[in-house]
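Structural features, examined
Listed below are the residues making up each chain.
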Amino acid sequence: MSGHTVARSGEHGAEFHIRHSPLRRAVLIGVSLLMALGGWALLSEPRDEGERLVGWAAVLLFGGGAVVLALQGIRSWGQPLLSVGPMGMRVRLVSLLARKQELFVPWEEIAAVEFRRARIRTQFWYEAARLAIVLKDPEGFVTRAGIQGAGQRLFSGILSGRLWVEFHFVARPNRKGRELLEAIRRYPAASHVELEESD
């Protein structure tokens, strides 16, 4: 399945979609299950209390993580993570704790769109790409969207006046981010939206 659909020049009615890569999610689920199995192996014949604690930690952390990743994948299966069109941007919420499954933001409510590229900070630290939709009136938006309470704002990805979209499982995220910004430039209704790409 293609990770994106690009609107050709002049086709202002076409939409641009960004999707999660099922392969990337499957690989991470597989790695998490292997780590959980390693923890289970430690529990089967622990040599001391330290190994028992490490075993339980691995089973709970990685096994639980695999379950959450699988449930998120089922929840968003076949649906774009992000869509942009002539009327605005539609974001699919992946958090299992978010009450809504998606949010639609009209162009007239968007001040800017900021894309932060994925990068390797250190040998052991990878920072995933993410997108920030800067809202003109964050309080008004959450009220109209029916998002109540600080917890639901966080689970919906709304923080510091921005709606955040994480590109954790998007293949070639930096390229997709640039293509997204180019697609936004093609919509007349989004001509006022400031676009930014940074590390």
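The structure contained in this document is the topic of the report that follows. Bear in mind the structure is a predicted one, so any value in this text is a computation, not a measurement. (Residues numbered from 1 in each chain as written. Predicted model: local features only at pLDDT ≥ 70, side-chain atom pairs only at ≥ 80, totals over all residues. Heavy atoms only, no water.)

Some words on the overall build of the protein
Our working rule: Strands here are runs of E lasting at least two residues and helices are runs of H or I lasting at least four, both read from the DSSP assignment and numbered beginning at the N terminus. Between buried and exposed lies partly exposed: a residue is buried under 20% and exposed over 50% of the maximum accessible area for its type, with that area taken using a 1.4 Å probe on protein chains only. Here the Shrake-Rupley method, with its probe set to 1.4 Å, supplies the accessible areas, and only the displayed protein chains count as covering residues.
Assigned secondary structure in the protein consists of five helices and 12 strands. Here the protein holds 199 residues, and the buried ones make up 41% of them. Of the roughly 11300 Å² of accessible surface on the protein, a fraction of 59% belongs to carbon and sulfur atoms.

A look at the nonpolar core
Defined as follows: The nonpolar core is taken to be a set of buried Ala, Val, Leu, Ile, Met, Phe, Trp, Tyr and Cys residues, with the residues joined through side-chain atoms within 4.5 Å. The contact criterion used throughout is that any non-hydrogen atoms of two residues lie within 4.5 Å.
With 35 residues, the main nonpolar core has Val 84, Met 89, Trp 107, Leu 131 and Phe 167 as its most contacted residues. In terms of residue count, helix α5 (residues 173–185) provides more of this core than any other element does, four residues in total. Val 84 has contacts with Ala 14, Glu 15, Phe 16, Met 89, Trp 107, Leu 180, Ala 183, Ile 184 and Tyr 187, leaving out every residue within four places of it along the chain.

Thoughts on the pairing of strand β6 (residues 110–116)
How we decide: Only when DSSP finds a minimum of two bridges between them are two strands counted as paired.
Counting buried positions along β6 yields five of seven residues, so the element is predominantly enclosed. Taken together, the six bridges between β6 and strand β9 (residues 130–135) define a ladder with antiparallel strand orientation. Across the sheet, Phe 115 pairs through a bridge with Leu 131, a residue of β9. The pairing of β6 with strand β12 (residues 194–198) spans five bridges and is parallel. The partner of Val 113 across the bridge, within β12, is Leu 195.

Some thoughts on the environment of Gly 64
Within the secondary structure layout, Gly 64 lies in helix α2 (residues 49–75). It is 8.8 Å that separates the C-alpha atoms of Gly 64 and Ala 36, two residues lying 28 residues apart in sequence.

Considering the side chain of His 20
Structurally, the position occupied by His 20 is in the loop between β2 (16–18) and α1 (22–44). The contact partners of His 20, leaving out residues within four places of it in the chain, are Arg 25, Ser 76, Leu 81, Val 94, Glu 166, Phe 169 and Val 170.

Structural notes on the sheet that holds β12
Let me state the cut-off plainly: For every element, the axis is a line fit to its C-alpha atoms; helices are fit only across the contacting stretch, and the angle between N-to-C directions ranges from 0 to 180 degrees.
Taken together, five strands build an open sheet; the order of strands is β10-β11-β9-β6-β12 and the sheet is mixed. One side of each edge strand has no neighbouring strand; the edge strands of this open sheet are β10 (158–159) and β12. Summarising the sheet, β9 and strand β11 (residues 162–166) pair through five bridges and their orientation is antiparallel. Within β11, the residue paired with Arg 130 across the bridge is Glu 166. Across the sheet, α5 is in contact with β6, β9 and β12; its angle to β6 comes to roughly 155 degrees.

Topic: the pattern of salt bridges
Going by this rule: For this analysis, a salt bridge means a side-chain nitrogen from Lys or Arg found within 4 Å of a carboxyl oxygen belonging to Asp or Glu.
As enumerated under the stated definition, the model contains 13 salt bridges in all. Residues Glu 102 and Arg 92 are paired through a salt bridge, measuring 3.9 Å at the closest nitrogen-oxygen approach. With a gap of 10 residues between them, Glu 102 in strand β5 (residues 102–106) and Arg 92 in strand β4 (residues 88–92) connect regions that are remote in the sequence. For Glu 102, a relative accessible area of 34% corresponds to the partly exposed category. For Arg 92, a relative accessible area of 11% translates into the label buried. The shortest N-O distance in the salt bridge between Arg 130 and Glu 166 comes to 3.9 Å. Highlighted residues: Arg 130 in strand β9 and Glu 166 in strand β11, separated in sequence by 36 residues.

Quick word on the environment of Glu 197
Note the threshold: Each polar contact in these results corresponds to two N or O atoms within 3.5 Å; when the atoms are within protein, one needs to be able to donate a hydrogen and the other to accept it, and residues that are neighboring in sequence are counted only if both atoms are side-chain atoms.
By the secondary structure assignment, Glu 197 is in strand β12. In this structure Glu 197 comes out as partly exposed when scored by relative accessible area, which is 30%. Distance in space between the C-alpha atoms of Glu 197 and Phe 115 is 4.8 Å, their sequence separation being 82 residues. Apart from residues no more than four positions distant in its own chain, Glu 197 is found in contact with Phe 115, Arg 117, Arg 178 and Leu 181. Here the side chain of Glu 197 touches Arg 117 through a polar contact of 3.1 Å, side chain to side chain.

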